[in-house]
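Coordinate inspection notes
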Amino acid sequence: MKLEKVIAVRTAKTVYRDGDRAVKVFDEGYKKSDILNEALNQARAEETGLPVPKLLEVGVIDGKWAIASEFIQGKTLAQLMEEHPEKEDEYLDLFVEIQLRIHNQKAPLLNKLKDKMNRKIDETDLDATTRYELHTRLEGMPKHNKVCHGDFRPSNIIIGDDGVNYIIDWAHVTQGNASADAARTYLVFSLKGESALAEKYLNLFCKKSDTAKQYVQKWLPIVAASQSVKRNPEEKELLMKWLDVVDYE
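Residues numbered from 1 in each chain as written. Predicted model: local features only at pLDDT ≥ 70, side-chain atom pairs only at ≥ 80, totals over all residues. Heavy atoms only, no water.

Turning our eyes to something else, we now look at the packing of aromatic side chains. Counting across every chain of the model gives seven aromatic pairs. On the basis of an interplanar angle of 25 degrees and a centroid distance of 4.4 Å, the ring pair of Phe95 and Phe152 is categorised as stacked. With Phe95 in helix α3 (residues 88–103) and Phe152 in the loop between β7 (146–148) and β8 (157–160), the pair connects residues that are 57 residues apart, well separated along the chain. With respect to class, Phe95 is no different from Phe152; both count as buried. Residues Tyr186 and Trp242 carry aromatic rings whose centres are separated by 6.0 Å and whose planes lie at 50 degrees to one another, so their mutual orientation is tilted. Here Trp242 lies in helix α10 (residues 236–243) and Tyr186 lies in helix α6 (residues 178–191), a separation of 56 residues in the sequence. When sorted by exposure, Tyr186 lands in the same class as Trp242, which is buried. Here the aromatic residues Phe95, Phe152, Phe189, Tyr201 and Phe205 are joined through ring pairs into a cluster of three or more. (Phe/Tyr/Trp six-rings, centres within 6.5 Å; stacked < 30°, edge-to-face > 60°. Helix = DSSP H or I, 4+ residues; strand = E, 2+ residues; numbered from the N terminus. Buried < 20%, exposed > 50% of the residue type's maximum accessible area, 1.4 Å probe, protein only.)

Structure, rendered in structure tokens:
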């Protein structure tokens, strides 16, 4: 492989172009099980029939684990939104339509969202009372089995030159409640300081999916707790604010 052209740099991983392949190389500290799970998740997402770049290979390059996928020629939705701010509403509409298409799929072998959230709550630095309340709230949420991307953001959509809207980065995919996935996307926009876009997104998602806004908001403390496990000091204040809305009975 000739890993010369860097496509993207993310936390603890770098994506390169190698001819008609995109190769994601993980830092040495990455757990092997997490990398193999990500590859398996991508394969299962591919099997739903969604436009997912084909998984080609999992291997080791210079002592680092790597996942090779089909390279998609095009621009991310994030790039297009930045280049054409006047088209924000049009792009946001497309963004939500793609997310709803994901939620319409089933993949029975994926990990369950509720199991993952319960595990994340246990990994937080929150006190026992707050953890108990979050576990109770999570248990009370309806059990669904829709495909939930888990990190659905404009940079994970590639508008292909072939006219296909490809969905990438399936590391966090689960099956569960679509409103949890929407709450996660709302969180992503908010943590980037895009609060107006977050509100516009949430209103549009709720309108298109016929979901009560309050229902999605009930997931916010749970997804905020899950995000807090990353222990990013820049996010702590905002995440703690959301966790404070937990209702004590």
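That was the structure; now back to the text.
Turning next to α10. Where α10 is concerned, the buried positions are Leu239, Trp242 and Leu243. Within α10, the buried residues cover an arc of 100 degrees as seen down the axis, which keeps them to one side. Opposite the buried face of α10, by more than 90 degrees, sit the exposed residues Glu237 and Lys241. Contacts made by the buried residues of α10 are with α5 (128–140), α6 and α9 (220–228). (Arc of directions from axis to C-beta. Contact = heavy atoms within 4.5 Å.)

Taken as a whole, the second largest pocket holds about 700 Å³ of empty space. If you trace the second largest pocket, you find 28 residues lining it, with Ile7, Val15, Ala22, Ile158 and Ile168 closest to the centre. Broken down by secondary-structure element, the contributors of at least two residues to the lining of the second largest pocket are β1 (5–10), β2 (13–18), β3 (21–26), α1 (32–46), β5 (64–70), β6 (74–76) and α2 (77–83). If one sorts the elements of the lining of the second largest pocket by residue count, β1 sits on top with five residues. (1 Å grid on protein atoms, 1.4 Å probe; cavity = no way out; pocket = protein on both sides within 12 Å on 5 of 7 lines; lining within 4 Å. Points joined across faces, edges and corners; volume = space filled by probe spheres on them.)

The contact between α5 and α9 brings their axes to 10 Å, and the two run at 125 degrees. One finds that α5 runs oblique with respect to α9. Viewed along their axes, α5 and α9 form a crossing whose handedness is left-handed. In this structure, α5 uses Leu134, Arg137 and Leu138 to contact α9, whose residues at the interface are Pro221, Ile222 and Ala225. In terms of residue class, the contact of α5 with α9 is built from five nonpolar, no polar and one charged. (Axes fitted to C-alpha atoms, helices over the stretch in contact; angles between N-to-C directions. Parallel < 35°, antiparallel > 145°, perpendicular 65-115°, else oblique. Left-handed = near helix turned anticlockwise from the far one by under 90°. Nonpolar A, V, L, I, M, F, W, Y, C, P; charged D, E, K, R; others polar.)

Here we take up the environment of Val216. Note on placement: Val216 falls in helix α8 (residues 213–217). On the basis of relative accessibility, which here comes to 1%, the residue Val216 falls in the buried class. A C-alpha to C-alpha distance of 25 Å links Val216 and Asn165, two positions 51 residues apart in sequence. In this structure, Val216 is in contact with Ser179, Ala182, Ala183, Leu202, Phe205, Cys206 and Thr211, ignoring residues within four places of it in sequence.

So, on to unusual backbone geometry. A negative phi angle characterises most non-glycine residues, just as the trans form characterises most peptide bonds. Within the chain, Ala12 stands out as a residue other than glycine whose phi angle is a positive 65 degrees. With respect to the secondary-structure elements, Ala12 resides in the loop between β1 and β2. For Ala12, a relative accessible area of 25% translates into the label partly exposed. One non-glycine residue, Arg231, lies in positive phi territory at about 50 degrees. Take Arg231: it is sitting in the loop between α9 and α10.

Let's shift gears to the UniProt feature "domain: Aminoglycoside phosphotransferase" (unreviewed entry) in the protein. Taking the UniProt record as the reference, the feature "domain: Aminoglycoside phosphotransferase" (unreviewed entry) is found at residues 16–206. End-to-end, the C-alpha atoms of residues 16–206 are 37 Å apart, and along that stretch the chain is 46% helix and 20% strand. (UniProt positions renumbered as here; feature names shortened; annotations may be inferred.)

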